[in-house]
Amino acid sequence: MITAGIDMGSRTVKVVLLEEIKVEGAPQLKYAIKKTHIMMPGDLDPDQAAEKVYDDVLTGAGLKRDQISAVFATGAGRKQVAFATEGITEMTAGAKGASYMFPLARTVVDVGAEEGRGMKTDEQGRAVDFAGNEKCAAGAGSFAEAMSRALQMNLKEFGDASLLSDKTIPMNAQCTVFAESEVVSLIHSATPKNDIAKAVLDAVASRVCAMVRRVGIEGEVVLIGGMVHNAGFVQSLKNAMGVDKISLPDMPEYISALGCALIAAERQH
Amino acid sequence: MHNKYPSEPLKLWKKAKELREQYYLNYARAKDNGGLRWSGSAWALDALPAGLGEDVYSLTGEPYAAAVSHDRKFAKECMDAAESYGFARDLCSYMRIYWGGMHLDKYLFGGKFPKPDFIFQSQICCSHSKWYQHVAVAEQVPQFYVDVGVGPYKDLTDARLDYVVGQLNEGIEFLEQSSGRKFNDELFIKAVKNEMRSTSRWADICALNKVKPAPLDEKTMYSLYVLATLSKSSQWCADFYDELYEEVKDRVARGIAAVPNESVRMMSDTQPPWSFLKIFRYLETFGAVSIGSLYTFALEGIWETKPDGTWGGRTLPWNKGIEINDRQTALRLYADWNLSKPQWQHFYDPRIKTEMMLRIVKEWQVDGVMLHLNRGCEGLSLGIMENRMGIAKAGVPIMTYEGNMGDEREFDEVRTQARVDAFMEQLGQRRQPA
């Protein structure tokens, strides 16, 4: 059986194909995972983009649509995936995917471009509580992205630069727009870029942490979403949460799509 | 959609709507026959002005503003007018809507904004207090306030009760001076008894929702509890609730459900986003019914713990052998009755409210709680995150969503639906096919 998970984010479409492998004598099902990550085609509507991306992925895997038992969709644009069997929220999908990768995970933090989420999970990978940012992107990736532009760095450079700083400079601005002015002021006062980068990532981490504390920080903590690639953010988040370790999946952007495909497989049984 | 239970509309629905409309028309037309008009909040001690005559009509500010909120265009017009006057956007949205209508001189039910003859108000919510001060100054009418912030009911002492009763006695002097009328104790005592009947009976009706399936859903209950917020001390309100109680009891006896596919029971809190009540119908697509909330049950409902330890409508004094035949007895019992209002307790300590909410979860068989983080009301939002923590700590699934009871600009429907979707998944519910 093959199932598919499609994560229709605001900027990218992620698809995961999951093939069930029955291993004789093994107590649990195993899966082979194929994944593809494509920027949202700018010239297409979201529903057209979903169709195109899905067909491209299937072609690349040598499969046809009728070979897929179920397609579950998640993400901001999940309702635009007309061919999806079912839609599920990012909370449920992210919790499932993270728990599959890290079975001992009990706190899952998902920081993407516009949204940040915290989920408390159980041993079955179900979200038993959740919190998300409301009306404010200052605790999400786009804030870091905007500030890296102000420092004329790309995101990787920005994250790496923050690791070279050992200063704690509080950012006073609550708003992404005002924070940019604050960053410019810091630049004009000759504050080293490394310190500014750390200040920004500390601010994002602090907001994410405050949100996650609403569901409680327990057990293994897993971070998913694009901000996993930002090493500086990961360090800032560890400091903010007061934990020694945050587990990072190899394919952080695909975890929600993986969760979708896993839930699709579960529901076929 | 598979219907698990039989369902039918409420027979008294039309009457409830008619009574509500008549109330607003009566206020507007009060002067036609020499009647009196007064304004205050739904928590004002309205039995006292009732002692001035049978032609005394009120406009309680919050339900009026909630009614305006359904008319998004007019609501925005009112809020813009309040903001143009100089008031901040983050103030109580009901207050801004009322002020805006007053300054625009436009009444939701047609015509000019009817001017009250006086303000009669209680003080426990800070916004309420300031609200009517501005109205009194703008309309140039006399004003009177009763400070009822004397601490939690469980700690009530004779001295605290005397403090409130003393103010009520002064209030009667104020009413006589402002109206030029003599205070009528018989009318006052009748109003006190009607209020006790209304508020106790509303609690009894809410208690009927403990069963499965719930005979009432919260969206429907909003159109029913509102009558007590308009005029809980009136005969028509008390009589209506008696009738409603019989109808709901009958629904329980016959197993009639508000939501025929009820499979999960929710509890909400604070005022809903009035212009987006369809969020309750969205819940029903998952088989979820909101059975009520501390807000719906106890904004006006008066409760007590029964001998079996459960919650029910507070026993009427005369059913305990306490007769109300004179002014001072009426004032004292009336003050005590109102001070026991469950929705006044959280102002002192959020843990008192958490306890009541957990009681509702248990007795009403609630599976999940949805908290509206209502940016339009500081009063009822006070301590809500502590409530959230307390409920989550007790192991009850709980979600929050941000919004505003009166200002639709602060409610994100798509985001809220996404939150509801996630919460329903958490509870193991899926949308049911139509």
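Residues numbered from 1 in each chain as written. Chains lettered and ligands numbered in written order. Predicted model: local features only at pLDDT ≥ 70, side-chain atom pairs only at ≥ 80, totals over all residues.

A few points about the overall build of chain A
1) Next: Scanning chain A for helices and strands turns up eight helices and nine strands.
2) Next: Taking 2.2 N^0.38 as the reference for a compact globule, 269 residues should give roughly 18 Å; the C-alpha atoms of chain A span a radius of gyration of 19 Å, in line with that estimate.
3) Next: Across its three principal directions, the C-alpha atoms of chain A cover 60 × 45 × 30 Å.
4) Next: Split into buried and exposed, the 269 residues of chain A put 48% on the buried side. (Helix = DSSP H or I, 4+ residues; strand = E, 2+ residues; numbered from the N terminus. Rg over C-alpha atoms; globule rule 2.2 N^0.38 Å. Buried ≥ 20, exposed ≤ 12 C-beta atoms within 10 Å, placed from the backbone.)

Considering unusual backbone geometry
1) Next: The linkage connecting Lys212(B) with the following residue, Pro213(B), adopts the cis geometry, with an omega of -5°.
2) Next: With respect to the secondary-structure elements, Pro213(B) resides in the loop between α7 (185-207) and α8 (218-231).
3) Next: You will see that Gln152(A), though not glycine, has its phi angle at about 60°, which is positive.
4) Next: Structurally, the position occupied by Gln152(A) is in the loop between α3 (141-150) and α4 (155-162).
5) Next: On the basis of neighbour counts, which here come to 10 C-beta atoms within 10 Å, the residue Gln152(A) falls in the exposed class.
6) Next: Here the phi dihedral of Gln365(B) falls at roughly 55°; this positive angle occurs in a residue that is not glycine.

Remarks on the sheet that holds strand β1 (residues 36-40) of chain B
All names here are of chain B.
1) Next: Read across the sheet, four strands follow the order β2-β1-β3-β4 without closing on themselves; strand pairing throughout is parallel. Two strands in the sheet have a free side with no partner beyond their single neighbour: β2 (56-60) and β4 (143-147). Mean inter-strand twist for the sheet, computed between neighbouring axes without regard to direction, equals 25°.
2) Next: As paired strands, strand β3 (residues 118-123) and β4 are joined by five bridges and run parallel to one another. Looking at the pairing, Ile119 lines up with Gln143 of β4.
3) Next: Across the sheet, helix α6 (residues 158-179) is in contact with β1, β3 and β4; its angle to β4 comes to roughly 170°. (Pairing = 2+ DSSP bridges. Axes fitted to C-alpha atoms, helices over the stretch in contact; angles between N-to-C directions. Contact = placed C-beta atoms within 7 Å.)

Describing the sheet that holds strand β9 (residues 220-224) of chain A
Residues and elements named next belong to chain A.
1) Next: An order of β8-β7-β6-β9 is seen for the four strands of this open sheet, with the pairing classed as mixed. Single-partner strands in this sheet number two, and they are β8 (127-132) and β9. Put simply, the sheet's adjacent strands are angled 20° from each other on average, direction ignored.
2) Next: Strand direction decides the pairing type here: strand β6 (residues 105-111) and strand β7 (residues 116-121), joined by five bridges, are antiparallel. In the sheet register, Thr107 faces β7, and the bridge partner there is Lys120.

A few points about the interface of chain A and chain B
1) Next: Taken together, the contact pairs 10 residues of chain A with eight residues of chain B.
2) Next: In terms of residue count, the dominant contributor to the side of chain A that touches chain B is β8(A) (four residues).
3) Next: In terms of residue class, the side of chain A that touches chain B is made up of five nonpolar, two polar and three charged. (Nonpolar A, V, L, I, M, F, W, Y, C, P; charged D, E, K, R; others polar.)

Looking at the pairing of β2(B)
All names here are of chain B.
1) Next: Across the five residues of β2, five count as buried, placing the element largely inside the fold.
2) Next: Here β2 shows two buried faces, one formed by Val56, Ser58 and Thr60 and the other by Tyr57 and Leu59.
3) Next: In this structure, β1 lies alongside β2, joined through five bridges in parallel fashion. Directly across from Leu36, in β2, lies its bridge partner Val56.

Brief notes about the domain arrangement of chain A
1) Next: Assigned domains of chain A: these are domain 1 (2-102 + 252-267) and domain 2 (131-241).
2) Next: Residue composition of the side of domain 1 of chain A that touches domain 2 of chain A, grouped by class: four nonpolar, one polar and one charged. (Domains from an automatic or database assignment.)

Focus: the nonpolar core
Residue and element names in this part refer to chain A.
1) Next: Core analysis: the biggest nonpolar cluster contains 208 residues, and Ile6, Val15, Phe72, Val200, Cys260 and Ala261 have the highest contact counts within it.
2) Next: Among the elements that take part in this core, helix α6 (residues 193-213) stands out by supplying 12 residues, more than any other.
3) Next: The residues that make up this core include at least three from each of domain 1 (2-102 + 252-267) and domain 2 (131-241).
4) Next: Residue contacts for Ala261: discarding those within four places in its chain leaves Thr3, Ala4, Gly5, Val16, Leu18 and Phe72. (Core = buried A, V, L, I, M, F, W, Y, C linked by C-beta atoms within 7 Å.)

Here we look at helix α5 (residues 126-139) of chain B
Residues and elements named next belong to chain B.
1) Next: For α5, with 14 residues, the first-to-last C-alpha span of 20 Å sits near the 20 Å given by 1.5 Å per residue.
2) Next: What α5 keeps buried is the set Ser127, His128, Trp131, Tyr132 and Val135. Along the axis of α5, the buried residues cluster in a sector spanning 115°; they form a single face.
3) Next: On its buried side, α5 packs onto β1, α2 (61-70), α4 (93-104), β3, β4 and α14 (378-381).
4) Next: Trailing α5 by a residue or two, Gln140 shows a phi angle of about 55°, which is positive. (Expected span 1.5 Å × (residues − 1). Arc of directions from axis to C-beta.)

Re the packing of α2(B) against α4(B)
Residue and element names in this part refer to chain B.
1) Next: Two numbers describe how α2 lies on α4: the axes approach to 9 Å, and their chain directions differ by 85°. Put simply, α2 runs roughly perpendicular to α4. Touching Gly61, Glu62, Tyr64, Ala65, Ala66, Val68 and Ser69 of α2 are Tyr94, Ile97, Tyr98 and Gly101, all from α4.
2) Next: Partitioned by chemical class, the residues of the contact of α2 with α4 number seven nonpolar, three polar and one charged. (Parallel < 35°, antiparallel > 145°, perpendicular 65-115°, else oblique.)

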